[in-house]
Amino acid sequence: MNILLWILQSLLALLFIFSGAMKFVMPVEEMNRQAPVVLPGLFLHFVGVCEILGGIGLILPSLLRIKPGLTPLAAAGLAIITIGATVITMRGGMMAVVILPLTTALLCIFVAYGRWRARPITER
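Residues numbered from 1 in each chain as written. Predicted model: local features only at pLDDT ≥ 70, side-chain atom pairs only at ≥ 80, totals over all residues. Heavy atoms only, no water.

## A closer look at the pattern of salt bridges
Stage number 1. Considering all chains together, one arrives at 2 salt bridges under this definition.
Stage number 2. Between Lys23 and Glu51 there is a salt bridge; the shortest N-O distance is 3.2 Å. Of this pair, Lys23 sits in helix α1 (residues 2–25) while Glu51 sits in helix α3 (residues 41–64), and the two are 28 residues apart along the sequence. As far as burial versus exposure is concerned, Lys23 and Glu51 are alike and both buried.
Stage number 3. One salt bridge in this structure joins Arg33 and Glu30, with 2.5 Å as the shortest N-O distance. Here Arg33 and its partner Glu30 are both found in helix α2 (residues 28–34), 3 residues apart, which amounts to about one turn of the helix.
Stage number 4. Taking the relative accessible area as the measure of exposure, Glu30 reaches 27% and is therefore partly exposed. (Salt bridge = Lys/Arg side-chain N within 4 Å of Asp/Glu carboxyl O. Helix = DSSP H or I, 4+ residues; strand = E, 2+ residues; numbered from the N terminus. Buried < 20%, exposed > 50% of the residue type's maximum accessible area, 1.4 Å probe, protein only.)

## What to know about the nonpolar core
Side chains that are nonpolar tend, in soluble globular proteins, to be buried together.
Stage number 1. Counting 13 residues, the largest nonpolar core has Leu12, Phe16, Leu58, Ala75, Leu78, Cys108 and Val111 as the members making the most contacts within it.
Stage number 2. Ignoring sequence-local partners within four residues, the contact set of Cys108 consists of Leu12, Phe16, Ala75, Leu78 and Ala79. (Core = buried A, V, L, I, M, F, W, Y, C linked by side-chain atoms within 4.5 Å. Contact = heavy atoms within 4.5 Å.)

The structure is reproduced here in structure tokens:
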């Protein structure tokens, strides 16, 4: 279980750090052209910061064993973000694409539960 959680944490961290960084690299107009609902640029940048910090929070606290209780909180926060992305995608009528944010949210919930209850990492 611990190995599975580490693999998921690593993959989700890479996904969210990449996704968050892209929100700063791509122009806001381009992001809104691809999105089902037009969102303000400031909000997109805020979500990008949250994704980058959440991705880091999935790995560093557990890896360094300094405040490892932050890892399930980061996973829960990222689950909230991806549930919001799922709702926005559904509202835009893109039902075929809704599986990606929904699956990501479920994986984040699994990591949050796994690190909180099933296989927590204790401090030094």
